[in-house]
Amino acid sequence: MARFILGRLIGGIVILWLVSVLAFVLFFVIPKALGNNPAVLFAGRSPDPATIAGVTKKLGLDRSYVDQYWNFLRGVFAGRHFDSGSDRSWCPAPCLGYSFRNDQPVWSQIVDALPVTASLSFGAAVLFLVVGVSTGVFSAVRRGGLFDRIAAAVSLAGVSLPVYFTGLLLLLLVSYKWHIIDNVHYVNFTHNPALWAWNLIPAWLVLSLLYTANYQRLTRASMIETLGEDYVRTARAKGLRERTVIGKHALRPALTPIVTIFGLDLGVLFGGAILTEHTFGFRGLGAISIDAVNTQDLPVTMGVTLFAAFFIILANVLVDVTYAIIDPRVRPS
Amino acid sequence: MTAPPGEMMVDSVAAPAVVQTEGRSLWRSGWIRLRRDKPAMISGIFLILLALIAIFAPVIVSLLGHPPNEPHYDLLDPNTAAPRGRFGGMSWDYLLGVEPVNGRDIFSRTVYGARVSLLVALLATATAVIIGTVLGMLAGYLGGLWDTIIARLMDLLLSVPSVLFAIAIVAVIPNKAFGLSGSGLRIAVLVFVIGIFAWPYIGRIVRGQVLSLREREFIEASRSLGAGTFTVMFRELLPNVAAPVLVYSTLLIPTNILNEAALSYLGVGVRPPTASWGDSLAVSSHGWYSIEPIFMLAPGLAIFATVLAFNLLGDGLRDAFDPRGGGR
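Residues numbered from 1 in each chain as written. Chains lettered and ligands numbered in written order. Predicted model: local features only at pLDDT ≥ 70, side-chain atom pairs only at ≥ 80, totals over all residues. Heavy atoms only, no water.

Overview of the overall build of chain B
Turning to step 1, where the next piece is worked out: Across its full length, chain B carries 12 helices and 2 strands.
Turning to step 2, where the next piece is worked out: Its helices and strands taken in sequence order, chain B reads α-α-α-α-α-α-β-β-α-α-α-α-α-α from the N to the C terminus.
Turning to step 3, where the next piece is worked out: The burial tally for chain B puts 50% of its 328 residues in the buried class.
Turning to step 4, where the next piece is worked out: Restricting the contact set of chain B to residue pairs at least 6 apart, pairs at least 24 apart contribute 73%.
Turning to step 5, where the next piece is worked out: Accessible surface computed for chain B: about 15,400 Å², of which carbon and sulfur atoms make up 66%. (Helix = DSSP H or I, 4+ residues; strand = E, 2+ residues; numbered from the N terminus. Buried < 20%, exposed > 50% of the residue type's maximum accessible area, 1.4 Å probe, protein only. Contact = heavy atoms within 4.5 Å. Areas by Shrake-Rupley, 256 points an atom, 1.4 Å probe, with all protein chains shown as cover.)

Written as structure tokens, this is what we have:
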């Protein structure tokens, strides 16, 4: 058990390291190879030669790639000095650099935007897991029935509808036509939890629709498999109530693949959250990353990308470990 | 290594004949099953029509519409920049009305949008299928360190948020690269970005198939006849993974259509003024859709219908060619 968890953690660290190399190559090596001076990218729109020289010095872009990568990595874990003669600054860990638009540390922008994306993803995850799994179970138990057929049609439509279309559609109805929630905007949870939830409801519905459909299909398939197992027949033969048979004997093993896929889906969910918050005009991680692309503020784009990748990989490792604790079959003997 | 002449002859006469009849019957029986699946057949016909619309977009637009990038300021209210008349200025001249702000023909832009959508999605799927099949076969057949590296890479690519990486890649690519520029370069970048995050879906399926195939007799037979790794992979394994690859690549196309539209919607896809469904949705946002829903309904329903049709066709193909398959 301890060995499995340790192995998983080491695997996670190796992948995190790989991602950091990938990000370094993407933001520092590739632009240069394609004839784009990274200093120009980092300095923003049409900089003068003095600025470019300053940025080159400050970020150490004139040094070797190995040196650059080392400084980049050290910044993330231990903080680093930015030094260009007159302009000295200490960037504390986790240092992802400074925005060239407003001189704010990238890390603080991420910390500001994270609650928006996290609220959106978390609420949607709760919604689609509850609705998807319960309708999936119901479909599997009454296979071929009216509910099953309606659910199949709805989930087929659900996986074919992009969030940026359903989002606009729902906003049109809820906000502009029926005036149920006027002027949908993000409210901080600490400011007013009721308003926070009220304003997030349309976004949660939109984001969860796609995944509800997926999890409904998955749960249905998984349940149909376990319902055909011998131990379910044994449980029925023992005279257990149908509710106990389905809820305890069939559902629990059926949930195992769903937990795995949920772990894998976190990254995709994050991507969906970015599209949803863009549609609803919330200032989350996606919004700051897209704004950064449009204003050519590369440090912010880089910071958000790295942060999201780290976050997702850590979450995956956590899912794996929790999973090993819950389900003894996962652990290698 | 040469086999004794007797065995050689038996093999060359018997084995290929068996493989061929099996191959033919698989494809033919699959086609018979598919023909009975009404939603899949209707979707297939719809998609053929859509492909024709995309190919002949200039002809269709010259007959029924106006050039997609041509502004029509005379159709807009100068104070609000919204089209005059109801339903976004719909008329026999402008079948779906005109866009706000610059008055471009929505019908033409929706027809031209099919081009970008299908082109990017099909090329990205082709990229994913090529990389996924080759690396999936290598991982499954060679095993060991190859398998570990490729399987881990697939896990990594499937778990990171591809939208953010796509945004980042678009941000670092200069305006001119690889001898391309403008829209052509953006389309190439989109194909690369979408394909690179999509190949693990195919790679996993191929790897799983190859893992079960490689212990079978015909592979062993081929190997004992002295066939090299590449011969076994491309002559023996490839024909056997073709059916599942076909099924799952059909199911990958709709995902890629959604990804292309998403990136164009976020403003990192094809460059304006090139028409694309995602860009049309972006134009309709900022509250314009609340004035006239047609701005959003035309591109939105186009995406929905196309994605739904590919999903129905893919489900039909899966039921026809891979009866055991299901789930993901």
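Considering the pattern of salt bridges
Residue and element names in this part refer to chain A.
Turning to step 1, where the next piece is worked out: For the coordinates displayed, the defined rule picks out 11 salt bridges over all chains.
Turning to step 2, where the next piece is worked out: With its nearest N and O atoms 2.8 Å apart, the salt bridge here joins Asp148 to Arg220. Separated by 72 residues along the polypeptide, Asp148 in helix α6 (residues 146–160) and Arg220 in helix α8 (residues 193–227) bring together distant segments of the chain.
Turning to step 3, where the next piece is worked out: Ionic pairing is found between Asp291 and Arg283, a salt bridge with its closest N-O pair at 2.6 Å.
Turning to step 4, where the next piece is worked out: By relative accessible area, Asp291 is classed as partly exposed at 33%. (Salt bridge = Lys/Arg side-chain N within 4 Å of Asp/Glu carboxyl O.)

Some remarks on a nonpolar patch on the surface
Residues and elements named next belong to chain A.
Turning to step 1, where the next piece is worked out: A contiguous nonpolar patch, built from Phe122, Val126, Leu127, Val130, Val131, Leu173, Trp178, Ile180, Leu195, Trp198, Ile201 and Leu205 and spanning about 1,100 Å² of accessible area, is present on the exposed surface.
Turning to step 2, where the next piece is worked out: The set of elements that each furnish at least two residues to the nonpolar patch consists of α5 (106–141) and α8.
Turning to step 3, where the next piece is worked out: Among the elements that take part in the nonpolar patch, α5 stands out by supplying 5 residues, more than any other.
Turning to step 4, where the next piece is worked out: Looking at the secondary structure, you find Val126 in helix α5. (Patch = residues over 30% accessible without salt bridge, like charges linked within 9 Å, V, L, I, M, F, W, Y side chains within 5 Å.)

Side note on the packing of helix α7 (residues 163–177) of chain A against helix α10 (residues 242–280) of chain A
All names here are of chain A.
Turning to step 1, where the next piece is worked out: Contact geometry of α7 with α10 gives a least axis separation of 9 Å together with a crossing angle of 35°. Of the two possible hands of crossing, α7 and α10 adopt the one that is right-handed. Each of Val163, Tyr164, Gly167, Leu168 and Leu171 in α7 lies in contact with α10, whose residues at this interface are Gly272, Leu275, Thr276, Thr279 and Phe280.
Turning to step 2, where the next piece is worked out: Tallied by class, the residues present in the contact of α7 with α10 amount to 6 nonpolar, 4 polar and no charged. (Axes fitted to C-alpha atoms, helices over the stretch in contact; angles between N-to-C directions. Left-handed = near helix turned anticlockwise from the far one by under 90°. Nonpolar A, V, L, I, M, F, W, Y, C, P; charged D, E, K, R; others polar.)

Structural notes on the packing of helix α2 (residues 38–55) of chain B against helix α4 (residues 106–142) of chain B
Residues and elements named next belong to chain B.
Turning to step 1, where the next piece is worked out: The interhelical angle for the contact between α2 and α4, taken along N-to-C directions, is 105°, at an axis separation of 8 Å. Here α4 runs roughly perpendicular to α2, going by the angle between their axes. Contact residues: Leu50, Ala51, Ile53, Ala54 and Ile55 in α2; Val111, Ala114, Arg115 and Leu118 in α4.
Turning to step 2, where the next piece is worked out: Residues belonging to the contact of α2 with α4 are distributed by class as follows: 8 nonpolar, no polar and 1 charged. (Parallel < 35°, antiparallel > 145°, perpendicular 65-115°, else oblique.)

Quick word on α4 of chain B
Residues and elements named next belong to chain B.
Turning to step 1, where the next piece is worked out: Compared with an ideal rise of 1.5 Å per residue, which puts 37 residues at 54 Å, α4 spans 53 Å between its outermost C-alpha atoms and is within 8% of the ideal.
Turning to step 2, where the next piece is worked out: N-capping of α4 is provided by Asp105, with a side-chain oxygen placed 3.0 Å from the backbone N of Phe107.
Turning to step 3, where the next piece is worked out: Looking one or two residues beyond α4, the residue adopting positive phi is Gly143, at roughly 65°. (Expected span 1.5 Å × (residues − 1). Polar contact = N/O pair within 3.5 Å; in protein donor to acceptor, adjacent residues only side chain to side chain.)

Examining the nonpolar core
Turning to step 1, where the next piece is worked out: Phe27 and Tyr164 of chain A together with Leu237 of chain B are the most contacted members of the largest nonpolar core, which totals 161 residues.
Turning to step 2, where the next piece is worked out: Ranked by residues supplied to this core, first place goes to helix α9 (residues 229–266) of chain B with 17 residues.
Turning to step 3, where the next piece is worked out: Taken domain by domain, this core gets at least three of its residues from each of domain 1 (2–91) and domain 2 (106–330) of chain A.
Turning to step 4, where the next piece is worked out: Val133, Ala140, Ile246 and Ala254 of chain A belong to the second largest nonpolar core, which has 12 residues in total. (Core = buried A, V, L, I, M, F, W, Y, C linked by side-chain atoms within 4.5 Å. Domains from an automatic or database assignment.)

A short note on the domain arrangement of chain A
Residue and element names in this part refer to chain A.
Turning to step 1, where the next piece is worked out: Domain boundaries assigned for chain A yield domain 1 (2–91) and domain 2 (106–330).
Turning to step 2, where the next piece is worked out: One C-alpha centre belongs to domain 1, the other to domain 2, and the line joining them spans 33 Å.
Turning to step 3, where the next piece is worked out: Each partner contributes residues to the interface: domain 1 has 17 residues there, and domain 2 has 18 residues.
Turning to step 4, where the next piece is worked out: Roughly 1,700 Å² of surface becomes buried between domain 1 and domain 2 when both sides are summed, with 83% attributable to carbon and sulfur atoms.
Turning to step 5, where the next piece is worked out: Linking domain 1 with domain 2 are 0 salt bridges, by the criterion used here. (Buried area = accessible area lost by both parts, 1.4 Å probe.)

Overview of the side chain of Thr279 of chain A
Turning to step 1, where the next piece is worked out: Inspection of the secondary structure assignment puts Thr279 of chain A in helix α10.
Turning to step 2, where the next piece is worked out: One polar contact links the side chain of Thr279 of chain A to the main-chain carbonyl oxygen of Leu275 of chain A, over a distance of 2.8 Å.
Turning to step 3, where the next piece is worked out: Excluding residues within four positions of it along the chain, Thr279 of chain A makes contact with Val163, Tyr164, Gly167, Leu168 and Leu171 of chain A together with Tyr265 of chain B.

A few points about α2 of chain B
Residues and elements named next belong to chain B.
Turning to step 1, where the next piece is worked out: The end-to-end C-alpha separation of α2 is 26 Å, in line with the 26 Å expected for 18 residues at 1.5 Å each.
Turning to step 2, where the next piece is worked out: Of all the residues in α2, the buried ones are Ala40, Ser43, Gly44, Leu47, Leu50 and Ala54. The arc that holds every buried residue of α2, seen down its axis, measures 125°, which confines them to one face. Of the exposed residues in α2, the ones pointing more than 90 degrees away from its buried face are Lys38, Ile42, Ile45 and Ile48. (Arc of directions from axis to C-beta.)

Some words on the interface of chain A and chain B
Accessible area lost upon the coming together of the parts is a frequently used measure of interface size.
Turning to step 1, where the next piece is worked out: Between chain A and chain B, the contact holds 50 residues from the first and 44 residues from the second.
Turning to step 2, where the next piece is worked out: Where chain A abuts chain B, roughly 4,200 Å² becomes buried across the two surfaces, and 76% of that area is made up of carbon and sulfur atoms.
Turning to step 3, where the next piece is worked out: Here chain A is connected to chain B by 1 salt bridge.
Turning to step 4, where the next piece is worked out: Among the salt bridges present, the one from Arg217 of chain A reaches Asp315 of chain B, with a minimum N-O distance of 3.3 Å.
Turning to step 5, where the next piece is worked out: Joining chain A to chain B, the criterion identifies 5 residue pairs in polar contact (both at pLDDT 80 or more).
Turning to step 6, where the next piece is worked out: Among the elements of the structure, α1 (2–33), α6, α7, α8, α10, α11 (285–294) and α12 (298–326) of chain A are those that each provide at least two residues to the side of chain A that touches chain B.
Turning to step 7, where the next piece is worked out: Per-element accounting of the side of chain A that touches chain B gives the leading share, 11 residues, to α10 of chain A.
Turning to step 8, where the next piece is worked out: The class makeup of the residues in the side of chain A that touches chain B is 35 nonpolar, 11 polar and 4 charged.

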